[in-house]
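Residue-level listing of the chains:
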Amino acid sequence: MLSVEGLNAWYGQAQALFDVSLSVGEGELVVLQGLNGAGKSTLLQSLIGIGPRAQGQIHWQGEPLNTWAAHRRAKAGLGFVAEDRRLFTALSVQENLWLVARPASASSGLSTSAQRFERVMALFPQLKTMLHRPASQMSGGEQQMLALARTLMTGPRLLLLDEPCEGISPVLVAAMRDALLQLAREGVAMLVAEQNNILAQHAQRVLVLTSGRMAGAA
Ligand code: ATP
């Protein structure tokens, strides 16, 4: 589904990724571990097309992605949730969700925006109780849920998640974990960067980045 071969990335002269190779199969949950600064965010950002200068082969469903802009990668079925969430904080929960809704496409697992909306409400009942609240007035964990819910509104087939359970309350960590495992059961593939071992125990594979190099098996 996704395959990466020999990916290198640089911030100016400083190389952050060295010859990284990995794959994520259809419906697979793959966890990416590594210490702070190991390159997890850089790798996820490179895959969605917002990373620093990079070289290497990235294939999605057999097609080379390297020259595709981020929006084209998203349209093809890649969904990304950044560590800093990147919400529209002045807008309500509902507005954040509908802003990214788009017509159904062949890459989408769900057929209409209305169905996707119902789906994310079922996954995150907490959000249903605060549909009109500005994102700025939500807790960190609630914002994290909204960020994931917003990405789900685009109907991704592969989720690239940067530390989805980091720095949120234990109750919301459990809700987030359960939602992600539910999505995995439904066949949404995931590559999840995490340091806290919330999802690793449920993953098909755990990859380890060390100083920009892949130590685990691809
Ligand atoms: P963390 O868990 O702390 O976010 P990470 O594993 O996601 O860490 P990255 O954020 O990808 O690691 O960082 C990889 C390397 O790239 C580090 O050496 C970091 O200092 C460097 N780096 C990251 N972002 C930038 C940037 N915008 N400019 C310059 N160097 C950067």
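Residues numbered from 1 in each chain as written. Predicted model: local features only at pLDDT ≥ 70, side-chain atom pairs only at ≥ 80, totals over all residues. Heavy atoms only, no water.

**Focus: the packing of aromatic side chains**
Now for step 1: Inspection of every chain in the model, using the stated rule, returns 1 aromatic pair.
Now for step 2: Above the plane of the ring of W68 lies R72, whose end atom (NZ or CZ) is 4.0 Å from the centre.
Now for step 3: For the cation-ring pair, R213 lies above F18, with the distance from its terminal atom to the ring centre recorded as 4.0 Å. (Phe/Tyr/Trp six-rings, centres within 6.5 Å; stacked < 30°, edge-to-face > 60°. Lys NZ or Arg CZ within 6 Å of the ring centre and 35° of its normal.)

**Considering the packing of helix 6 (residues 140–152) against helix 7 (residues 170–185)**
Now for step 1: Running from N to C, helix 6 and helix 7 point in directions that differ by 15 degrees, and their axes come no closer than 9 Å. Accordingly, the angle class assigned to the pair helix 6 and helix 7 is roughly parallel. Two packed elements cross with a definite hand, and for helix 6 against helix 7 that hand is left-handed. Counted together, G141, E142, Q144, M145, L148 and L152 of helix 6 and L172, A175, M176, L180 and L183 of helix 7 form the full contact between these two elements.
Now for step 2: Looking at the contact of helix 6 with helix 7, its residues break down into 8 nonpolar, 2 polar and 1 charged. (Axes fitted to C-alpha atoms, helices over the stretch in contact; angles between N-to-C directions. Helix = DSSP H or I, 4+ residues; strand = E, 2+ residues; numbered from the N terminus. Parallel < 35°, antiparallel > 145°, perpendicular 65-115°, else oblique. Left-handed = near helix turned anticlockwise from the far one by under 90°. Contact = heavy atoms within 4.5 Å. Nonpolar A, V, L, I, M, F, W, Y, C, P; charged D, E, K, R; others polar.)

**Some words on the nonpolar core**
Where a protein is soluble and globular, its nonpolar side chains tend to be buried together.
Now for step 1: Judged by nonpolar contacts, the single largest core of 43 residues is most densely connected at L97, F124, L127, L148 and M190.
Now for step 2: Here the element with the most residues in this core is helix 7; it accounts for 9 residues.
Now for step 3: Dropping the residues within four chain positions of it, L127 is found in contact with V93, M121, M138, E142, M145, L146 and A149.
Now for step 4: Among the nonpolar cores identified, the runner-up in size contains 32 residues, and V20, L44, L47 and A189 belong to it. (Core = buried A, V, L, I, M, F, W, Y, C linked by side-chain atoms within 4.5 Å. Buried < 20%, exposed > 50% of the residue type's maximum accessible area, 1.4 Å probe, protein only.)

**What about the sheet that holds strand 4 (residues 53–60)?**
Now for step 1: With antiparallel pairing, 4 strands are arranged side by side in an open sheet as 2-1-4-5. The open sheet terminates on both sides in strands that have one partner only, identified here as strand 2 (14–24) and strand 5 (63–64).
Now for step 2: Relative to strand 2, strand 1 (residues 2–11) runs antiparallel, the two being bridged by 7 bridges. Bridging across to strand 2, V4 finds its partner in L22.
Now for step 3: Helix 1 (residues 40–48) contacts strand 1, strand 2 and strand 4 of the sheet and is inclined by roughly 115 degrees relative to strand 1. (Pairing = 2+ DSSP bridges.)

**Remarks on helix 6**
Given 3.6 residues per helical turn, the α-helix brings residues three or four places apart onto the same face.
Now for step 1: For helix 6, with 13 residues, the first-to-last C-alpha span of 18 Å sits near the 18 Å given by 1.5 Å per residue.
Now for step 2: Buried residues dominate helix 6, accounting for 12 of its 13 residues.
Now for step 3: Where helix 6 is buried, its residues touch strand 6 (78–81), helix 3 (93–99), helix 4 (113–123), helix 5 (125–128), strand 7 (158–162) and helix 7. (Expected span 1.5 Å × (residues − 1).)

**Re the pattern of salt bridges**
Now for step 1: If you walk through the whole model with that rule in mind, you get 4 salt bridges.
Now for step 2: Here E26 ties to R157 by a salt bridge, and the two come within 2.4 Å at their closest N and O atoms. One end of the pair, E26, is in the loop between strand 2 and strand 3 (29–33); the other, R157, is in the loop between helix 6 and strand 7, with 131 residues separating them in the sequence.
Now for step 3: For E26, a relative accessible area of 54% gives the class exposed. (Salt bridge = Lys/Arg side-chain N within 4 Å of Asp/Glu carboxyl O.)

**With respect to the sheet that holds strand 8 (residues 189–193)**
The strands making up a sheet are joined through hydrogen bonds of the backbone, oriented either antiparallel or parallel.
Now for step 1: As summarised here, the arrangement of the 6 strands in space is 6-7-8-3-9-10, forming an open sheet in which the pairing is mixed. This sheet does not close on itself; its edge strands, each paired only once, are strand 6 and strand 10 (213–214).
Now for step 2: Looking at chain direction, strand 9 (residues 205–210) and strand 10 are connected through 2 bridges and run antiparallel. Across the sheet, the residue bridging to L209 is M214, located in strand 10.
Now for step 3: Contacts from helix 6 reach strand 6 and strand 7, with the element oriented near 165 degrees to strand 6.
Now for step 4: Packed onto the sheet, helix 7 meets strand 3, strand 7 and strand 8 and runs at close to 145 degrees relative to strand 8.

**Regarding the environment of Q61**
Now for step 1: You can see Q61 is positioned in the loop between strand 4 and strand 5.
Now for step 2: Considering only alpha carbons, one finds Q61 and G77, 16 residues apart in sequence, at a separation of 9.9 Å.
Now for step 3: Sequence-distant contacts of Q61, defined by excluding residues within four places in its chain, comprise M1, E26 and R157.

**A closer look at the pairing of strand 6**
Now for step 1: Across the two faces of strand 6 the burial is the same, with L78 and F80 and G79 and V81 all buried.
Now for step 2: As paired elements, strand 6 and strand 7 share 4 bridges and run parallel to each other. When the bridges of strand 7 are listed, F80 appears paired with L160.

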